[in-house]
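Letter by letter, the chains look like this.
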Amino acid sequence: MEVRARAPGKIILAGEHAVVHGSAAVAAAIDLYTHSSLQLHPAGEGGAGEVVVDLRDLDLSFSWPCSRLREALGESCRKAELQAPRPCSSEELASIAKLVELHELPEAKIWLSAGLSACLFLYTSILGCRPGKVVVTSDLPMGAGLGSSAAFSVSLSGALLTAAGAICAEGANCGTEWESFGKDDLELVNLWAFQGEKIIHGKPSGIDNAVSTYGSMIKFKKGGLTNLKSGNPVKMLITDTRVGRNTKALVAGVSERASRHPDTMASVFNAVNSISEELSSIVELAANDEIAITSKEEKLAELMEMNQGLLKCMGVSHSSIETVLRATLKYNLVSKLTGAGGGGCVLTLIPNILSNLVLEKVTAELELHGFRCFKVQVGGQGFQLCRG
Ligand SMILES: Nc1ncnc2c1ncn2[C@@H]1O[C@H](COP(=O)(O)OP(=O)(O)OP(=O)(O)O)[C@@H](O)[C@H]1O
Ligand SMILES: C[C@@](O)(CCO)CC(=O)[O-]
Ligand SMILES: [Mg+2]
């Protein structure tokens, strides 16, 4: 049997980085997905067979004989207690890293090793050393702020947990082939995906895996999640500056700045918390006429502008991000970085009354800089499954 799972990427409307330090943040799922499909193979004689990970978009395939996995991981290669996800110990992570190194990734693709380590950890913890093949494809740019690592961890955890019989989809959703899950199953997927994110990010807040698992728009603050019912659709243009960066390093950089200036940075995080709280209540307001919608959008834009200023103050803006801010401001549009920053993607709020002509002009100007623009639906589905 083949299990096909998908999990969405996300945008962060307010609160990235500060959320790692306990502030509130607001995030929403977008309609760009990572798909993980899984086929289990019958165990060969004497435990033969292999685990194959096929990263289709990158045209890369990796395999490990089950016997090699068992030898390297020993006890940890035994199926874990599925209902209680466990973190990857540092010894286990070192053994997994050695298994990944066997494949000698080219220097230009070395960033993949964290994703492969997370994949091997989730596979062997959830299924043990059973032979099987995972195929991953994604609409998301990797390492660009749209939550590719979380969508990868969520889709993979969900496919593995389904194959292990730990969770079960609840039937077709809205007449599509994609099936959704109940609250308890989603919670389990989210907990396992968080362990995968820890391997990739170092110190994740958990917001990216939560919004990818549950979908919709959420306010997230350590230990708590509120579903936001958006009063009117929020329209955003996403610009990928194509400047590569790494969330783990950026998160560590902000923490270092916080340890050098604890009081000052505490005030910055506190200000971001207020922005996220205010933004989440504005998002939920239902505006009925053009004047009300415009006033709501003006408030959102101002909060995004303030948040961008504070992100710059945390040291995570970048000249490419500043270029997008200037280009969009010429059309009176407000932008902020989204995700970890340092390059990656920028959000631009698209007012309801903005004509398609102006939107096309802005997009064309951004593309002239070599950036790539996406128009996305905000606040859609979370983790879902399709039976093959
Ligand atoms: N489809 C995928 N296949 C394999 N590895 C992936 C995939 N998607 C993400 N990854 C792993 O996640 C890493 C990118 O994660 P990172 O957290 O740095 O960026 P992001 O998740 O795209 O952005 P952000 O965390 O700011 O939202 C990649 O370097 C890779 O290790
Ligand atoms: C930068 C960060 O706040 C968001 C990355 O999308 C990291 C995290 O919350 O884990
Ligand atoms: Mg990430």
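Residues numbered from 1 in each chain as written. Chains lettered and ligands numbered in written order. Predicted model: local features only at pLDDT ≥ 70, side-chain atom pairs only at ≥ 80, totals over all residues. Heavy atoms only, no water.

A few points about the site of ligand 1
By nearness alone, 22 residues border ligand 1, and Lys10, Gly147, Ser148, His201 and Arg245 come closest of all. Threonine 247 has a polar side-chain atom sitting 2.9 Å from an oxygen atom of ligand 1. Contact with the protein chains hides 96% of the accessible area of ligand 1, taken as 630 Å² for the molecule alone. Counting only elements with at least two residues in the shell around ligand 1, the list comes to helix H3 (112-127), helix H4 (148-163) and helix H5 (183-201). Here the element with the most residues in the shell around ligand 1 is H4; it accounts for three residues. For the shell around ligand 1, the per-class residue count stands at ten nonpolar, nine polar and three charged. (Near = heavy atom within 4 Å. Polar contact = N/O pair within 3.5 Å; in protein donor to acceptor, adjacent residues only side chain to side chain. Areas by Shrake-Rupley, 256 points an atom, 1.4 Å probe, with all protein chains shown as cover. Helix = DSSP H or I, 4+ residues; strand = E, 2+ residues; numbered from the N terminus. Nonpolar A, V, L, I, M, F, W, Y, C, P; charged D, E, K, R; others polar.)

Quick word on the site of ligand 2
In the vicinity of ligand 2 lie 14 residues, with Lys10, His17, Pro204, Ser205 and Asp208 positioned nearest. With respect to ligand 2, the backbone of histidine 17 contributes an N or O atom lying 2.8 Å from an oxygen atom. Contact between ligand 2 and aspartate 208: an oxygen atom at 2.6 Å from a side-chain N or O atom of the residue. When the free accessible area of ligand 2 is taken as 300 Å², the share hidden by the protein chains comes to 98%.

Some words on the sheet that holds strand E8 (residues 236-240)
Strands sit in the order E9-E10-E8-E11 across an open sheet of four strands; the sheet is antiparallel. Since the sheet does not close on itself, it has two edges, and those belong to strand E9 (335-337) and strand E11 (372-375), each with one partner. The mean inter-strand angle of the sheet, taken between neighbouring strand axes irrespective of direction, is 25 degrees. Examined bridge by bridge, E9 and strand E10 (residues 345-349) share three bridges and lie antiparallel to one another. Paired with serine 335 across the strands is threonine 348, a residue of E10. (Pairing = 2+ DSSP bridges. Axes fitted to C-alpha atoms, helices over the stretch in contact; angles between N-to-C directions.)

Quick word on the UniProt feature "domain: GHMP kinase C-terminal" (unreviewed entry) in the chain
Listed under "domain: GHMP kinase C-terminal" (unreviewed entry) in the UniProt record, and renumbered for this structure, are residues 298-361. Helix makes up 53% of residues 298-361 and strand 12%, with an end-to-end C-alpha separation of 21 Å. (UniProt positions renumbered as here; feature names shortened; annotations may be inferred.)

What about the domain arrangement of the chain?
One can read the domain layout of the chain as domain 1 (2-227 + 380-387) and domain 2 (230-375). Residue-level contacts link 31 residues of domain 1 with 38 residues of domain 2. A combined buried area of about 2,600 Å² lies between domain 1 and domain 2, and 64% of that area is made up of carbon and sulfur atoms. On the domain 1 side of the contact with domain 2, Leu13, Glu16 and His17 bury the most area, a combined 24% of that side's loss. Lysine 219 is paired through a salt bridge with glutamate 277; the nearest N and O atoms lie 2.7 Å apart. Run the count over domain 1 and domain 2 and you get 13 residue pairs in polar contact (both at pLDDT 80 or more). For the side of domain 1 that touches domain 2, the element with the most residues is strand E1 (residues 2-14), which contributes five residues. The residue makeup of the side of domain 1 that touches domain 2, split by class, is 17 nonpolar, nine polar and five charged. (Domains from an automatic or database assignment. Contact = heavy atoms within 4.5 Å. Buried area = accessible area lost by both parts, 1.4 Å probe. Salt bridge = Lys/Arg side-chain N within 4 Å of Asp/Glu carboxyl O.)

Here's the deal with the coordination of the magnesium ion (ligand 3)
Donor atoms from the polypeptide that bind the magnesium ion (ligand 3) are Ser149 (OG) and His201 (NE2), placed at 2.2 to 2.3 Å. Of this pair, serine 149 sits in helix H4 while histidine 201 sits in helix H5, and the two are 52 residues apart along the sequence. Classification of serine 149 as buried rests on a relative accessible area of 12%. (Donors = N, O, S within 2.8 Å, 3.2 Å for Na, K, Ca; no water. Buried < 20%, exposed > 50% of the residue type's maximum accessible area, 1.4 Å probe, protein only.)

Quick notes on the pattern of salt bridges
Counted according to the given criterion, the structure contains eleven salt bridges. Aspartate 208 is the partner of lysine 10 in a salt bridge, and the nearest nitrogen-oxygen pair spans 3.4 Å. Within this pair, whereas lysine 10 is found in strand E1, its partner aspartate 208 is found in helix H6 (residues 207-214), the two being separated by 198 residues in sequence. When sorted by exposure, lysine 10 lands in the same class as aspartate 208, which is buried. In this structure, lysine 336 and glutamate 16 form a salt bridge, with 2.9 Å as the shortest nitrogen-oxygen distance. Of the two residues, lysine 336 is situated in strand E9 and glutamate 16 in the loop between E1 and strand E2 (25-40); the sequence distance between them amounts to 320 residues.

Some words on the side chain of asparagine 209
Position of asparagine 209 among the secondary structure elements: in helix H6. According to the relative accessible area criterion, asparagine 209 is buried, its value standing at 2%. A polar side-chain atom of asparagine 209 sits 2.7 Å from a polar atom in the side chain of asparagine 190. If we ignore the near neighbours within four places in the chain, the residues touching asparagine 209 are Ala150, Val154, Asn190, Ala193, Phe194 and Glu197.

Points about H6
Of all eight residues that make up H6, seven are buried, and the element is covered over most of its length. Inspection of H6 places Ile207, Asp208, Asn209, Ala210, Val211, Ser212 and Thr213 among the buried residues, and these make up the whole buried set. Those residues of H6 that are buried are in contact with E1, E2, H4, H5, strand E6 (217-221) and strand E7 (224-228). Note on H6: the residue one or two positions beyond its end, glycine 215, has a positive phi of about 70 degrees.

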